[in-house]
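Next come the chains, spelled out residue by residue.
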Amino acid sequence: MKFIDLEAQQKLIRGRIEGNIKKVLDHGKYILGPEVRELEEKLADYVGAKFAVGCSSGTDALLMSLMSYGVGAGDYIITTPFTFIATAEVVSLLGAKPVFVDIDKNTYNIDPGKIEGFLKNPLDPATGKCINPGSIRGIIAVDIFGLPADYESINRIAEKYNLFVIEDAAQSFGAEYKMKKVCSLADVGCTSFFPAKPLGCYGDGGMIFTDDEQVAQKLKSISVHGKGGHKYENVRIGLNGRLDTIQAAVLLAKFDLFPKEIDLRQEVAARYNDALGDKFYLQVVSDDCISAWAQYSVRPKGKYGKTRDDYIKLLGDSNIPTAIYYPKSLHLQGAFQSLSYNEYDFPFSKECTGSIFSLPFYPYIKKNEQEEIISLLLKN
Ligand SMILES: *Cc1c(COP(=O)(O)O)cnc(C)c1O
């Protein structure tokens, strides 16, 4: 059994993928070829955003979004400690400081109440001093495992404190919050096309969405070395952050299947949910959300006497792979040592990282494979 079987999908559309790649080989426009524009238009339409900018990865999507707001040294960006390193890494890369606030214990997403709590008394843990409110620039919310964060509350707080909001929707492309698609829920939405993400290409790629024309134009410029009117006029510092034409061609073939795959993901998740809720804490998806289920993650309920390691071994003995997203909260990572957080600063994030693990999950996983996993997990 595979943790994510990308071949199952490829088998369905191999001909279309090869046909699209062949078209690129024939026209030879490897950089910003017509497929990039076509994909940007299709995906902007799908999420309900006015503008889309293809880019080199989800990480660069986040980095360039912060650059478009001029984030730099002395600035602070609020985010969650329960995420992939990229979310906070890009903040530090620009010389700004990430500040973490804890997650909600049911959704594992950033807790808006705790954002407001921080803003009422914004201390920098490294200095113990109050942060000048003008230096707190924005919030990066993460849709962990594909579940949208609580954007209504986050946006309300952001408006009150004059902050921008960036969606890290790297795991949640295709998900919905109150009838709207992710990547249309904040000032800027960033996603990733890393192969294992819900909509993945065959290499690195990403996309940024916004309704703000000025931001979109800046992003276009930043993604091509800060270009101005033409290629060799440079009006700002940028990077090489473009989406490859070949990756756009692959994505166009895969996108035809994608809405159907989001539906299949709901069926797969429902089968796990129905079976596992007594014995495990499940990620709670509220009625007004549809998750993209990038990962299906559970935490053992202590009263059954088995730990995460026990279950991982139990499944491993039957050659069933599992993964741990994430074994360490970002506030405890060596890379962020200089931020001076303490071990117990974010108890829910710490609790999750200590107990969570993920089960094999992809749209084409077979019912009998899920049944095997479930019966092993429910055994004694
Ligand atoms: C994957 C991921 C990223 C980075 O995306 P890449 O395309 O791998 O650079 C950023 N944030 C989160 C939450 C992710 O899961």
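Cut-offs and rules
Residues numbered from 1 in each chain as written. Predicted model: local features only at pLDDT ≥ 70, side-chain atom pairs only at ≥ 80, totals over all residues. Heavy atoms only, no water. Buried < 20%, exposed > 50% of the residue type's maximum accessible area, 1.4 Å probe, protein only. Helix = DSSP H or I, 4+ residues; strand = E, 2+ residues; numbered from the N terminus. Pairing = 2+ DSSP bridges. Salt bridge = Lys/Arg side-chain N within 4 Å of Asp/Glu carboxyl O. Phe/Tyr/Trp six-rings, centres within 6.5 Å; stacked < 30°, edge-to-face > 60°. Lys NZ or Arg CZ within 6 Å of the ring centre and 35° of its normal.

A few words on the pairing of strand 11 (residues 206–210). With five of five residues buried, strand 11 lies mostly within the body of the structure. On strand 11, burial covers both faces: Gly 206, Ile 208 and Thr 210 on one face and Met 207 and Phe 209 on the other are all buried. Relative to strand 11, strand 1 (residues 51–55) runs antiparallel, the two sharing five bridges. The residue bridging Cys 55 from the neighbouring strand is Gly 206, located in strand 11. Pairing geometry for strand 10 (residues 188–192) and strand 11, over five bridges, is antiparallel. Its bridge partner lying in strand 11, Cys 190 is registered against Ile 208.

It is worth spelling out the pattern of salt bridges at this point. Pairing between side chains becomes possible if they bear opposite charge and their charged atoms approach one another. In the structure shown here, the tally under the stated rule is 18 salt bridges. Between Lys 220 and Glu 40 there is a salt bridge, with its nearest N and O atoms 3.5 Å apart. Of this pair, Lys 220 sits in helix 7 (residues 213–222) while Glu 40 is found in helix 2 (residues 34–47), placing the two residues 180 residues apart along the sequence. A residue is classified by how much of its surface remains accessible, and Lys 220, at 36% relative accessible area, is partly exposed. By relative accessible area, Glu 40 is classed as buried at 4%. When the shortest N-O distance is used, the salt bridge between Lys 114 and Asp 111 registers 3.4 Å. Its relative accessible area of 28% is what places Lys 114 among the partly exposed residues. The class for Asp 111 is buried, based on a relative accessible area of 18%.

The next point concerns the sheet that holds strand 8 (residues 176–177). Backbone hydrogen bonds are what pair the strands of a sheet, in a parallel or an antiparallel way. Reading across from one edge, 9-8-13 is the order of the three strands in this open sheet, with antiparallel pairing throughout. Here the strands that pair on one side only, and so sit at the sheet edges, are strand 9 (180–181) and strand 13 (289–290). Relative to strand 9, strand 8 runs antiparallel, the two being bridged by two bridges. Opposite Glu 176, over in strand 9, you have Lys 181 as the bridge partner.

Take the packing of aromatic side chains next. Given two aromatic rings, their pairing is described by the distance between the two centres and the angle made by the two planes. Taken as a whole and judged by the stated rule, the model has 27 aromatic pairs. An angle of 80° between the planes, with centres 6.2 Å apart, marks the rings of Phe 82 and Tyr 326 as edge-to-face. Placement of Phe 82 in the loop between strand 2 (76–79) and helix 4 (86–93) and of Tyr 326 in the loop between helix 10 (308–316) and helix 11 (347–355) is noted, with a sequence separation of 244 residues between them. Assessed through its relative accessible area of 13%, Tyr 326 is described here as buried. Ring centres of Phe 173 and Phe 209 lie 6.0 Å apart, and the angle between their planes is 25°; on these two criteria the pair is classed as stacked. Of the two residues, Phe 173 is situated in the loop between strand 7 (164–168) and strand 8 and Phe 209 in strand 11; the sequence distance between them amounts to 36 residues. Classification of Phe 173 by relative accessible area gives buried; the value is 1%. Positioned over the ring face of Tyr 46 is Lys 181, at 4.7 Å from the centre of the ring.

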